[in-house]
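Descriptive analysis of the structure
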Amino acid sequence: GDSVTQMEGPVTLSEEAFLTINCTYTATGYPSLFWYVQYPGEGLQLLLKATKADDKGSNKGFEATYRKETTSFHLEKGSVQVSDSAVYFCALSGTYNNNDMRFGAGTRLTVKP
Amino acid sequence: NAGVTQTPKFQVLKTGQSMTLQCAQDMNHNSMYWYRQDPGMGLRLIYYSASEGTTDKGEVPNGYNVSRLNKREFSLRLESAAPSQTSVYFCASSPSYVSRADTQYFGPGTRLTVL
């Protein structure tokens, strides 16, 4: 079945460091790909998404490109801040045009001043 | 505009007890979802409802029932709680009936412990 694999954490970086969180997927159709972020004590919220191959999603300095050839959707940010500390989830949705969204296990990021 | 609200925030049950988790959204969304979040496993879909009056099983439906009471409300019931149902439960909603590109909007979660 469809699945998402993302890099294990936790990831600890210093402020202004470059961030990459790897995400690869397995899907039989043409999924949409998402990154969600979960801040402590809160529900998930959308960070960015891409709905077709070669699309780039971006938001708040984060970006990710939908790479069909490598089945990947890696999250990057050029300069992280302490406020970026959170858990990041990669997800895919609807290879058969339904509502079934599959999430990766999550990667916890801690940014130190 | 409250978005997606869930009650209660925390709950402790004994094995065999029953309870209902409540969820409501005020965004006029058609689809609603229930997920559970367990350490190291991400979120897994329990049930979803693409529209009022319809519900479908997700990845882990066993031990749960749902009711789509109206367009706003979607409840999750545990008839006989088991320790394996200790988890954080999230409700979510999305605008469309069926759309692979839809963003889902999440509530703050209910932390359930079954002793």
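For the structure given in this document, a descriptive report is provided here.

Some remarks on unusual backbone geometry
The residue after G9 of chain A, namely P10 of chain A, is reached through a cis peptide bond having omega -5°. Considering the arrangement of structural elements, one finds P10 of chain A in the loop between β1 (3-6) and β2 (11-14). The omega torsion across T7 of chain B and P8 of chain B is -10°, close enough to zero to call that bond cis. Its location among the elements puts P8 of chain B in the loop between β1 (4-7) and β2 (10-13). The backbone of D54 of chain A shows a phi angle near 75°, a positive value even though the residue is not glycine. Of note, D54 of chain A is situated in the loop between β6 (44-50) and β7 (56-59). Looking at D54 of chain A, the relative accessible area reads 54%, which means it is exposed.

So, the sheet that holds β7 of chain A
All names here are of chain A. Taken together, 4 strands build an open sheet; the order of strands is β3-β9-β8-β7 and the sheet is antiparallel. Edge positions in the open sheet fall to β3 (19-21) and β7, since each of these has one partner strand only. With direction set aside, neighbouring strand axes in the sheet form an average angle of 15°. By the bridge criterion, 3 bridges tie β3 to strand β9 (residues 75-77) in an arrangement that is antiparallel. The residue of β9 that forms the bridge with L19 is K77.

What about the interface of chain A and chain B?
Contact residues are listed per partner, giving 25 residues for chain A and 25 residues for chain B. For the pairing of chain A and chain B, the buried interface totals around 1,900 Å² over both sides, and the portion due to carbon and sulfur atoms is 48%. At the junction of chain A and chain B, the tally comes to 0 salt bridges. Our count for the contact surface shared by chain A and chain B stands at 3 residue pairs in polar contact (both at pLDDT 80 or more). Contributing elements (two or more residues each) for the side of chain A that touches chain B: β5 (32-38), β6, β10 (86-93) and β11 (101-103) of chain A. Considering every element that reaches the side of chain A that touches chain B, the biggest residue donor is β5 of chain A, with 4 residues. For the side of chain A that touches chain B, the per-class residue count stands at 10 nonpolar, 11 polar and 4 charged.

As for the nonpolar core
Residue and element names in this part refer to chain A. Of all hydrophobic cores here, the largest spans 26 residues; its most connected members are W35, L47, L48, F73, L75 and Y88. Contributions of two or more residues to this core are made by β2, β3, β4 (23-26), β5, β6, β8 (62-65), β10 and β12 (107-112). The element that contributes the greatest number of residues to this core is β10, accounting for 4 residues. Those residues in contact with L47 that lie beyond four places of it in its chain are W35, Y36, V37, N59, F62, L75 and Y88.

A short note on the state of the cysteines
Inspection of every chain in the model, using the stated rule, returns 2 disulfides over all chains. Two residues, C23 of chain A and C90 of chain A, share a disulfide whose sulfurs are 1.9 Å apart. What sets the handedness of the C23 of chain A and C90 of chain A disulfide is the S-S torsion sign, and at about -70° it is left-handed. With C23 of chain A in strand β4 and C90 of chain A in strand β10, the pair connects residues that are 67 residues apart, well separated along the chain. A residue is classified by how much of its surface remains accessible, and C23 of chain A, at 1% relative accessible area, is buried. Covalently, C23 of chain B is tied to C91 of chain B through a disulfide, its sulfur atoms 1.9 Å apart. Across the S-S bond linking C23 of chain B and C91 of chain B, the dihedral sits near -75°, which makes this disulfide left-handed. A residue pair is termed long-range when its members are at least 10 positions apart, and C23 of chain B in strand β3 (residues 19-25) and C91 of chain B in strand β9 (residues 87-94) qualify at 68 residues.

Quick word on the packing of aromatic side chains
Counted according to the given criterion, the structure contains 12 aromatic pairs over all chains. Look at Y25 of chain A and Y66 of chain A: their rings are 6.0 Å apart centre to centre, the planes differ by 80°, and that puts the pair in the edge-to-face class. Pair noted here: Y25 of chain A is in strand β4 and Y66 of chain A is in the loop between β8 and β9, with a separation of 41 residues, a long-range link. Centre to centre, the rings of Y64 of chain B and Y89 of chain B are 5.9 Å apart; their planes meet at 65°, and the pair counts as edge-to-face. Note that Y64 of chain B is positioned in the loop between β6 (56-57) and β7 (65-68) and Y89 of chain B in strand β9, a separation of 25 residues in sequence. Using a relative accessible area of 5% as the deciding quantity, one classes Y64 of chain B as buried. On the basis of relative accessibility, which here comes to 0%, the residue Y89 of chain B falls in the buried class.

How each quantity is defined
- Residues numbered from 1 in each chain as written.
- Chains lettered and ligands numbered in written order.
- Predicted model: local features only at pLDDT ≥ 70, side-chain atom pairs only at ≥ 80, totals over all residues.
- Heavy atoms only, no water.
- Helix = DSSP H or I, 4+ residues; strand = E, 2+ residues; numbered from the N terminus.
- Buried < 20%, exposed > 50% of the residue type's maximum accessible area, 1.4 Å probe, protein only.
- Pairing = 2+ DSSP bridges.
- Axes fitted to C-alpha atoms, helices over the stretch in contact; angles between N-to-C directions.
- Contact = heavy atoms within 4.5 Å.
- Buried area = accessible area lost by both parts, 1.4 Å probe.
- Salt bridge = Lys/Arg side-chain N within 4 Å of Asp/Glu carboxyl O.
- Polar contact = N/O pair within 3.5 Å; in protein donor to acceptor, adjacent residues only side chain to side chain.
- Nonpolar A, V, L, I, M, F, W, Y, C, P; charged D, E, K, R; others polar.
- Core = buried A, V, L, I, M, F, W, Y, C linked by side-chain atoms within 4.5 Å.
- Disulfide = S-S within 2.5 Å.
- Phe/Tyr/Trp six-rings, centres within 6.5 Å; stacked < 30°, edge-to-face > 60°.

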